[in-house]
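Single-letter residue listing:
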Amino acid sequence: MADLQTIRDTLSAHYDLAPSPQLAEDMADIYAKMDRVVTPPDWVMYAPYVKAINDLKAKRNAVILGHNYMTPEIFHGVSDFVGDSLQIAMKAQDVDADVIVQAGVHFMAETTKILCPEKTVLMPDMEAGCSLAESITADGIDEMRAKYPGAPVVTYVNTTADVKAASDICCTSSNAVQIVDAMESDTVIMTPDQYLAQNVANQSKKNVVYWPGSCIVHEQYTAQDLRDFREWNPGTRLIAHPECPPDVVAEADFSGSTSGIIKYVTDEKPEKAMLITECSMASNIADELPEVDFVGPCNMCPYMKKISLEKILYVLHTMEGQVEVDPAVADKARASVQKMIDLSKQLGL
Ligand code: 13P
Ligand code: SF4
């Protein structure tokens, strides 16, 4: 992957990316989606990038799939489709485009490539990883199978293609309970997120055994933090992602995937809400929900935050950052992901 100086030199040779009050004004409709969280001077700086990316997308017949954790200028400014991991994977299969830029982390781009081998999938930064994906290899799946013979392996999509290929079926945080419940065996192996597995176990009749991985963003919250937040901010609705430890989820008013969280806040419109998840989530929905006061905290995912407008423009310009998956591995991984998608559709999720 090119270093930042190379990226900047290349872009400045081809585009006028100087801050532009005129472009900022011309694209006031886009800015209106984020003006509660992005300052006017920042928008003046972002506008030339947003314009260049959106023009280039049309030229390359490209779309950008943006995860809910992208920063607002990426989420609202250049993404064609946004959503949680499941929604993005399902969208990838439907889009009519030659090129897909994954504004998210590497496992998401790999999943897109697995589902759309004929499309060019671009990753703006190959180092945008995930602590969960790094916590397990395919050998770990073999280890779990040896420990619990005959138990099916339900693997979170936050994993590499090799790990998906070694599993029976995938899940995301929006369908994990239903996927585990749909398994025939009484014991189900879940990898690699110990907390998601424990949260699923609390809602399922299955005996869920799990791998000890965790998300570096969500593991930081404690139940005491939530009790303190409540005391300091009476009347605040606490909403936690299921990658948080189970005592944190138990302390929250609601738990769900990133899209589940958005739906809950949109439906409920609490006066004050605290999203116990990645920082950008609240920023991305703040403008649509002016009646909701989003109160901290702010834990950032360092991997998601590696994605920027300039890196997106760079990969679209150079077509560098192409994601490849060994076809034999991709075939097996696709079976696990496709089973999840088919079952989710069957269950109306
Ligand atoms: P969602 O599937 O809920 O979007 O979660 C993905 C993720 O990486 C959360 O940390
Ligand atoms: Fe991975 Fe956690 Fe970042 Fe999501 S928030 S990409 S699970 S490290």
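Keep in mind it's a predicted model, so treat the numbers as computed, not measured.

Here we take up the site of ligand 1. Within the structure, ligand 1 sits among His-67, Tyr-69, Asp-84, Ser-85, Tyr-156, Asn-158, Ser-173, His-218, His-241, Glu-243, Ser-257 and Thr-258. Between an oxygen atom of ligand 1 and a side-chain N or O atom of Ser-173, the distance comes to 2.8 Å. Within the contact set of ligand 1, an oxygen atom lies 2.8 Å away from a side-chain nitrogen or oxygen of His-241. Taken by itself ligand 1 offers 300 Å² of open surface, and the protein chains cover 96% of this. Taken together, the residues that form the shell around ligand 1 break down as 2 nonpolar, 8 polar and 2 charged.

The next point concerns the nonpolar core. Counting residues in each nonpolar core, the largest one holds 100 residues, and the members touching the most others are Trp-43, Met-190 and Phe-294. Each residue touching Trp-43, except ones within four places of it in the same chain, is listed here: Ala-24, Met-27, Ile-30, Tyr-31, Met-34, Val-38 and Val-50.

The next subject is the sheet that holds strand β5 (residues 153-156). Spatially, the 4 strands line up as an open sheet ordered β6-β5-β7-β8, and their pairing is parallel. At either end of the open sheet lies a strand with only one pairing partner, and these are β6 (169-171) and β8 (207-210). The average angle at which neighbouring strand axes cross in this sheet is 35 degrees, direction not considered. Inspection of the sheet shows β5 paired to β6 by 3 bridges, in the parallel sense. Within β6, the residue paired with Thr-155 across the bridge is Cys-170. Helix α8 (residues 138-147) rests against β5, β7 (187-191) and β8 of the sheet, and its axis sits at about 160 degrees to β7.

Our focus in this paragraph is the pattern of salt bridges. As enumerated under the stated definition, the model contains 12 salt bridges in all. The partner of Glu-278 in a salt bridge is Lys-305, with the nearest N and O atoms 3.0 Å apart. Of this pair, Glu-278 sits in the loop between β11 (272-276) and α15 (280-286) while Lys-305 sits in the loop between β12 (293-294) and α16 (309-318); the two residues are 27 residues apart in sequence, bridging distant segments of the chain.

Every residue lining ligand 2 is accounted for by Tyr-69, Val-105, Cys-130, Ser-131, Leu-132, Asn-158, Cys-215, Val-217, Glu-243, Cys-301, Tyr-303 and Met-304. Per-class residue counts for the shell around ligand 2 are 9 nonpolar, 2 polar and 1 charged.

Okay, the packing of aromatic side chains next. Taken as a whole and assessed by the stated rule, the structure comprises 3 aromatic pairs. On the numbers, 5.4 Å between centres and 10 degrees between planes, the contact of Tyr-31 with Trp-43 is stacked. On the criterion of sequence distance, the pair formed by Tyr-31 in helix α3 (residues 28-31) and Trp-43 in helix α4 (residues 40-60) is long-range, its members being 12 residues apart. Of the residues examined, Tyr-31 reaches a relative accessible area of 14% and is grouped as buried.

Below, the discussion takes up the pairing of β8. Pairing of β7 with β8 involves 4 bridges; the strand directions are parallel. Residue pairing for β8: Val-188 is matched across the bridge by Val-208. Taking the sense of rotation as the criterion, the β-α-β connection linking β7, helix α11 (residues 194-201) and β8 turns out right-handed.

It is worth spelling out the side chain of Lys-164 at this point. Inspection of the secondary structure puts Lys-164 in helix α9 (residues 161-165). Buried Lys-164, no salt bridge; nearest opposite-charge side chain is Glu-110, N-O distance 5.1 Å. Discounting residues that sit within four places of it in the chain, Lys-164 has contacts with Phe-107, Thr-111, Ile-114, Val-157, Thr-159, Cys-170, Ala-333, Ser-336 and Val-337.

What follows is about the packing of helix α1 (residues 4-14) against α16. For any two helices packed against each other, one specifies the inter-axial angle together with the distance between the axes. For the pair α1 and α16, interaxial distance at closest approach is 10 Å and the crossing angle is 65 degrees. Classed by the angle they form, the pair α1 and α16 counts as roughly perpendicular. Crossing hand, α1 versus α16: left-handed. Along its contact with α1, which presents Leu-4, Thr-6, Ile-7, Arg-8, Thr-10, Leu-11 and His-14, the element α16 presents Glu-310, Lys-311, Leu-313, Tyr-314, His-317 and Thr-318.

Before going further, it helps to examine helix α7 (residues 106-115). Judged by how many residues are buried, α7 sits mostly within the fold: 9 of 10 residues are covered. Considered for burial, the residues of α7 that qualify are Phe-107, Met-108, Ala-109, Glu-110, Thr-111, Thr-112, Lys-113, Ile-114 and Leu-115. Of the surrounding secondary structure, the elements contacted by the buried residues of α7 are β1 (62-67), α6 (85-94), β3 (99-103), β4 (120-122), α9 and α17 (327-346).

Applying the stated criterion to the full structure yields 1 disulfide. Covalently, Cys-279 is tied to Cys-298 through a disulfide, its sulfur atoms 1.5 Å apart. Where Cys-279 bonds to Cys-298 through sulfur, the torsion about that S-S bond is close to -90 degrees, and the disulfide is left-handed. Taken as a pair, Cys-279 in the loop between β11 and α15 and Cys-298 in the loop between β12 and α16 lie far apart in primary sequence, 19 residues in all. Its relative accessible area of 16% is what places Cys-279 among the buried residues. Judged by relative accessible area, Cys-298 falls into the partly exposed class, the value being 48%. No disulfide involves Cys-171; its nearest neighbouring cysteine sulfur is the one of Cys-170, lying 7.4 Å away.

What counts as what
Residues numbered from 1 in each chain as written. Chains lettered and ligands numbered in written order. Predicted model: local features only at pLDDT ≥ 70, side-chain atom pairs only at ≥ 80, totals over all residues. Heavy atoms only, no water. Near = heavy atom within 4 Å. Polar contact = N/O pair within 3.5 Å; in protein donor to acceptor, adjacent residues only side chain to side chain. Areas by Shrake-Rupley, 256 points an atom, 1.4 Å probe, with all protein chains shown as cover. Nonpolar A, V, L, I, M, F, W, Y, C, P; charged D, E, K, R; others polar. Core = buried A, V, L, I, M, F, W, Y, C linked by side-chain atoms within 4.5 Å. Buried < 20%, exposed > 50% of the residue type's maximum accessible area, 1.4 Å probe, protein only. Contact = heavy atoms within 4.5 Å. Pairing = 2+ DSSP bridges. Helix = DSSP H or I, 4+ residues; strand = E, 2+ residues; numbered from the N terminus. Axes fitted to C-alpha atoms, helices over the stretch in contact; angles between N-to-C directions. Salt bridge = Lys/Arg side-chain N within 4 Å of Asp/Glu carboxyl O. Phe/Tyr/Trp six-rings, centres within 6.5 Å; stacked < 30°, edge-to-face > 60°. Right-handed = clockwise from strand over helix to strand, strands pointing away. Lys, Arg positive; Asp, Glu negative; His and termini not counted. Parallel < 35°, antiparallel > 145°, perpendicular 65-115°, else oblique. Left-handed = near helix turned anticlockwise from the far one by under 90°. Disulfide = S-S within 2.5 Å.

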